[in-house]
Amino acid sequence: MLYIKFKIENHKNFMEFRVVYHHMLAVRNTGYEAKEDDLEFDWNTVTPEEIDDFMDEDKSKIDLFNKLIPDDVSEVLCNYFYFDNTKSMLSNEDKLSYINYLEYGFEVNLDLLERCENGEGIVKISTGNYPFGGLERFIITLKAFKLVPFECFDGFNVCALNWISDIEYEANILPEKTKIYLAR
């Protein structure tokens, strides 16, 4: 089983991430149906902008991003998407891409999100797919929520994660921990 261990700097951040995690769980359930907008128009007073919003098939996903992702998290994700810092905010296309990643691009089963007593947490993941896209974007997601990943098992190795910046880290293989973990 894959895992990511992280430090919880603030309980509020953990609770905000938990909302995203539960959405990801819901999408992976076989009976999941996206919530549809129930808009009714007064055709005598409707504006062209309201009609455009209604007709925009991506609007619900962008609204979902805005609902699930706090502004401070969005800023960190913007830095990740635009490593050269040419943009100061995520475009709607970026938001759509990110929500699609969380819902369908991260091809894993979410097995556990747990807060541990020592100010740490863990996410356990399983996948029957190889390659499944890797853990990097999900690790950055945790970091954007100020849940600082410090160790993971990526399917091959247990790695210590050493952060260089908000969006860059080095993954150092821990051979002894890997050997013990794989022997279990």
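Quantities reported herein were computed from a predicted structural model and do not represent experimental measurements. All residue numbers here refer to positions counted from 1 along the written sequence of the relevant chain. Only residues with pLDDT of 70 or above have their local features reported here, since the model is predicted, and side-chain atom pairs are shown and tallied only from 80 upward, although totals for entire chains, interfaces and linings are computed over all residues. Side-chain numbers come from the whole structure's heavy atoms, not from hydrogens or water.

Asks: Tell me about the pairing of strand E6 (residues 169–173), and please be specific about residues and values.
Replies: Along any regular strand, the residues point their side chains to alternate faces of the sheet. Whether two strands pair depends on DSSP finding at least two bridges between them. The helix count covers DSSP runs of H or I at least four residues long, the strand count covers runs of E at least two residues long, and both are numbered beginning at the N terminus. Across five bridges, strand E5 (residues 158–163) lies against E6 in antiparallel orientation. By the bridge assignment for E6, Trp163 is matched with Tyr169. Connecting the antiparallel pair E5 and E6 is a turn made up of five residues.

Asks: Describe in detail the nonpolar core, supporting the description with residues and values.
Replies: As used here, the term nonpolar core means buried Ala, Val, Leu, Ile, Met, Phe, Trp, Tyr and Cys residues forming a set that is joined through side-chain atoms within 4.5 Å. A 1.4 Å probe rolled over the protein chains alone gives each residue an accessible area, and that area as a share of the maximum for its type sets the label: buried under 20%, exposed over 50%, partly exposed in between. Core analysis: the largest hydrophobic core is formed by 46 residues, its most contacted members being Phe17, Ile69, Leu77, Val123, Ile125 and Phe138. With residues up to four places along the chain from it excluded, the contact list for Ile125 reads Met1, Leu2, Ile4, Phe106, Val108, Asn109, Leu110, Asp111, Leu135 and Phe138. Should any heavy atoms of two residues lie within 4.5 Å, those residues are considered in contact.

Asks: Can you explain the layout of surface pockets? Please cite residues and give values.
Replies: A pocket here means an open set of points on a 1 Å grid, computed over the protein atoms alone, that has protein on both sides within 12 Å along at least five of seven lines. A cavity is instead a set of points where a 1.4 Å probe fits but cannot get out; residues with an atom within 4 Å of a point line either one. Grid points are joined across faces, edges and corners, and a volume is the space filled by probe spheres set on the points. A volume near 200 Å³ is recorded for the second largest pocket. Residue lining of the second largest pocket: Met1, Leu2, Tyr3, Lys5, Ile122, Lys124, Glu151, Val158, Lys177, Ile180, Tyr181 and Arg184, and that is the complete set. Where the lining of the second largest pocket is concerned, the elements lending two or more residues are strand E1 (2–8), strand E3 (120–126) and helix H7 (175–183). Under the scheme applied here, ten amino acids are nonpolar (Ala, Val, Leu, Ile, Met, Phe, Trp, Tyr, Cys and Pro), four are charged (Asp, Glu, Lys and Arg), and all others, including Gly, are polar. The residue makeup of the lining of the second largest pocket, split by class, is seven nonpolar, no polar and five charged.

Asks: An account of the packing of helix H3 (residues 59–68) against helix H5 (residues 92–105) is needed here, citing residue identities and associated values.
Replies: For the pair H3 and H5, interaxial distance at closest approach is 9 Å and the crossing angle is 80°. By the angle between their axes, H3 is roughly perpendicular relative to H5. In contact with Lys61, Ile62, Leu64, Phe65, Asn66 and Leu68 of H3, H5 contributes Asn92, Lys95, Leu96, Tyr98, Ile99, Asn100, Glu103 and Tyr104. Here the contact of H3 with H5 is built from residues that sort into eight nonpolar, three polar and three charged. For helices, the axis comes from a line fit to the C-alpha atoms of the stretch in contact; other axes are also lines fit to C-alpha atoms, and the angle between any two N-to-C directions lies between 0 and 180 degrees. Orientation categories follow fixed angle ranges, with anything under 35 degrees roughly parallel, anything over 145 roughly antiparallel, 65 to 115 roughly perpendicular, and all other angles oblique.

Asks: Before we move on, could you go through the pairing of E5 and cite the residues and values that matter?
Replies: Pairing between strand E4 (residues 147–153) and E5: three bridges, direction antiparallel. For Phe153, the partnering residue across the bridge sits in E5 and is Val158. The antiparallel hairpin formed by E4 and E5 contains four residues in its connecting segment, where Gly155 sits at a positive phi of about 105°.

Asks: I'd like to hear about the environment of Arg18, residue by residue, with values.
Replies: Tracing the backbone shows Arg18 in helix H1 (residues 11–28). As a C-alpha pair, Arg18 and Leu68 span 50 residues in sequence and 9.8 Å in three-dimensional space.

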